[in-house]
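# Structural overview
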Amino acid sequence: MIKELSFLSNRHNSFKNIFNKFQRDIDHLQSDTFPIKYISLNHVSDDKTIISFIGRTYELNFSSCMVDGVFNGKISASRVIDDDNANEIASITYNGESVVDVEAPQGEDPITLVSDVCCFNLVLNWLSSEINT
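Described in the following lines is the structure provided in the data block. Since the structure is predicted, the reported quantities are computational estimates derived from the model, not experimental observations. (Residues numbered from 1 in each chain as written. Predicted model: local features only at pLDDT ≥ 70, side-chain atom pairs only at ≥ 80, totals over all residues. Heavy atoms only, no water.)

## A closer look at the environment of F34
For clarity, the cut-off: Helix numbers and strand numbers start at the N terminus; a helix is a DSSP run of H or I with at least 4 residues, a strand a run of E with at least 2. Accessible area is worked out with a 1.4 Å probe on protein chains only. A residue is then buried under 20% of its type maximum, exposed over 50%, and partly exposed in between. Whether two residues are in contact is decided by their heavy atoms: any pair within 4.5 Å suffices.
Relative to the helices and strands, F34 is located in the loop between α1 (2-26) and β1 (40-45). Looking at F34, the relative accessible area reads 8%, which means it is buried. With near-sequence residues (within four places) excluded, F34 lies in contact with H28, L29, F120 and L124.

Structure below.
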């Protein structure tokens with residue numbers, strides 16, 4: 001049991017490092033040069049980021065989970081309704097190579113969290129999808 005739990009703990013920490021890079025990459029969403037204005041981010045901890053945009057608040061939370069018998073990293077995106085309630089709007093899982101479980105457009109490379117452009121697109125698609133529902 002010790003060997004198994006030690007392996008999972010180490011893997012979880014590796015996935016958290018990938019999430020932390022994701023957090024750093026999405027910081028550009030609030031830069032003056034980014035074409036969409038008024039997105040603000042607050043990295044509350046190394047496993048949670050709060051995003052504010054057009055009067056709405058979202059949480060991005062890191063965790064890890066089993067998917068088809070394989071331990072993966074997970075990012076859950078939720079719309080914060082009030083202090084006690086949030087509705088999950090999307091989630092992704094990713095492997096140790098940072099490849100996410102979102103199907104890439106035809107003819108494109110897999111979506112990966114090592115690409116800042118992929119990170120921007122994931123967040124912007126989550127926001128757009130929630131706003132347009």
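Back to the write-up after that little detour.
## Considering the pairing of strand β4 (residues 70-82)
So the rule is basically this: A strand pair is defined by DSSP finding two or more bridges across the two strands.
Sheet topology note: the strand β3 (residues 56-67)/β4 ladder contains 11 bridges and is antiparallel. The partner of T57 across the bridge, within β4, is V80. Linking two consecutive strands that pair antiparallel, namely β3 and β4, is a turn of 2 residues; a positive phi of about 50° is found at D68 within it. For β4 and strand β5 (residues 85-94), the ladder comprises 9 bridges, and the chain directions are antiparallel. Counterpart to V80 in the pairing with β5 is A86. Here β4 hands over to β5 after 2 residues, the two strands then running antiparallel side by side.

## Concerning helix α2 (residues 116-131)
The criterion, for reference: Between the first and last residue of a helix there are one fewer steps than residues, each counted as 1.5 Å, and that sum is the expected span.
Here α2 contains 16 residues, and its C-alpha end-to-end distance of 23 Å stays within 8% of the 22 Å for a straight helix at 1.5 Å per residue. All of the buried residues along α2 are C118, C119, F120, L122, V123, W126, L127 and E130. Where α2 is buried, its residues meet α1, β2 (48-53), β3, β4 and β5.

## Observations regarding the sheet that holds β4
Applicable threshold: For every element, the axis is a line fit to its C-alpha atoms; helices are fit only across the contacting stretch, and the angle between N-to-C directions ranges from 0 to 180 degrees.
Here 5 strands make up an open sheet; going across it, the order is β1-β2-β3-β4-β5 and the pairing antiparallel. Looking along the sheet, the strands with just one partner apiece sit at the ends: β1 and β5. Each strand axis lies, on average, 25° off the axis of its neighbour in the sheet, ignoring direction. Pairing of β1 with β2 involves 5 bridges; the strand directions are antiparallel. Bridged to S45 within β2 is K48. This element, α2, spans β2, β3, β4 and β5 of the sheet and lies at about 120° to β3.

## Re the side chain of T112
What counts here: Distance and chemistry together define a polar contact, namely a pair of N or O atoms within 3.5 Å, with one atom able to donate a hydrogen and the other to accept it when in protein, and with adjacent residues in sequence counting only for side-chain atoms on both sides.
Take T112: it is sitting in the loop between β5 and α2. Polar side-chain contacts of T112 include one of 3.2 Å to the backbone oxygen of S98. Excluding anything up to four places from it in sequence, T112 contacts E97, S98, V99 and C118.

## A closer look at the environment of Q30
With respect to the helices, strands and loops of the structure, Q30 is situated in the loop between α1 and β1. The exposure class of Q30 is partly exposed, given its relative accessible area of 35%. Remark: the alpha-carbon pair of Q30 and V70, spanning 40 residues in sequence, is separated by 35 Å. Not counting the four nearest positions on each side in its chain, Q30 is found in contact with I39, S40 and L41.

These figures capture arrangement, not role.
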